[in-house]
Each structure stands twice: as C-alpha cells, then as structure tokens.
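Breakdown of the fold
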Amino acid sequence: MTDSLSWTPVVLFALIFIWTPPHFWALAVRYKEDYQAADVPMLPAVASLRRTAREILLYTVLLVAVSLFFAFVGHMGPIYTAVAAVLGLIYLVMATRLWGRARNDKATSKDAMQLFSYSITYLTLLFVTMAVAELVRHP
C-alpha cells in the first residue's frame, strides 16, 4: 500500500477497457441475428457492418496507442515495445482490411471472426510479453 495510484495500473486498465469493444463487436458480427432476436442492442445488431467495422478500426487505433503508451508509463523496455508495435500493426492491418471490405459491402462474418480470433491472441501475447519483459529486467 502506497496511498497513491501510479499511471501504470490506470493505463493497464485502459488497455483492457479499450480492447473489449472491438473484440466483442467482431464476435457479435457473427451472432448479429441472435442479438436482434433477443433485442440486445449490440452494435452489429443495430448498425451496419460498415459502421461496426469503422468503430472496430477506431478502437483498434486507440488500443495500439494505449499499448505503446503503456511501454512508457510501465517502463517496459525494448522487448515489450517492439512486440507491442508488431502485434498492434497486425491488429491494425486486420481491422483496416475488415473496414475496407465492409466499405465495399464485401465483408463477411468470417472476416470478423478472424479478427476476433486474433484479438485473443493479441491480448495473450501482449501480457506474456509484459511478463517476459519484467523477468528480463528483474531476473
């Protein structure tokens, strides 16, 4: 207990908070009809796939920025920073591809599910990298 709160846990919370919408919206594209039938206002059930993909992309841009900001506030070092940049770039490419396909009315739920699957991998590898970076820094 320190009677204070540093930026590190706040940014870590923001990372999870910002990761959640694009992760679940990608999954919700697949189950759009179920959300509509249950009258649950999940974004893909109440907006077009084009709008959903745009929101996913915007949140992904913010997510990557926050993950890189975490490198600074968490003093994570070059290992985390490099891995976070590469993982984020992959996420951005996939989200951009979904948005581009949605803009041309060619996106499918399969495209969204690929992004959903990657989002799980992204977060897992990001947290594993945090642990590795800390172990390297404090053996």
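Residues numbered from 1 in each chain as written. Predicted model: local features only at pLDDT ≥ 70, side-chain atom pairs only at ≥ 80, totals over all residues. Heavy atoms only, no water.

One non-glycine residue with positive phi stands out, namely Asp39, at about 60°. For Asp39, the position within the fold is in the loop between α2 (32–37) and α3 (43–46). Classification of Asp39 as exposed rests on a relative accessible area of 70%. Its identity is not glycine, yet His75 carries a phi of approximately 50°, on the positive side. (Helix = DSSP H or I, 4+ residues; strand = E, 2+ residues; numbered from the N terminus. Buried < 20%, exposed > 50% of the residue type's maximum accessible area, 1.4 Å probe, protein only.)

With that settled, the discussion passes to the nonpolar core. Of all hydrophobic cores here, the largest spans 37 residues; its most connected members are Tyr80, Leu115, Tyr122 and Leu126. Only α1 (7–30), α4 (49–73), α5 (77–103) and α6 (109–137) provide two or more residues apiece to this core. Every residue in contact with Leu115, bar those within four places of it in the chain, is listed here: Ala26, Ile56, Tyr91, Met94, Ala95 and Leu98. (Core = buried A, V, L, I, M, F, W, Y, C linked by side-chain atoms within 4.5 Å. Contact = heavy atoms within 4.5 Å.)

Keep in mind that these numbers describe shape and distance, not what the molecule does.
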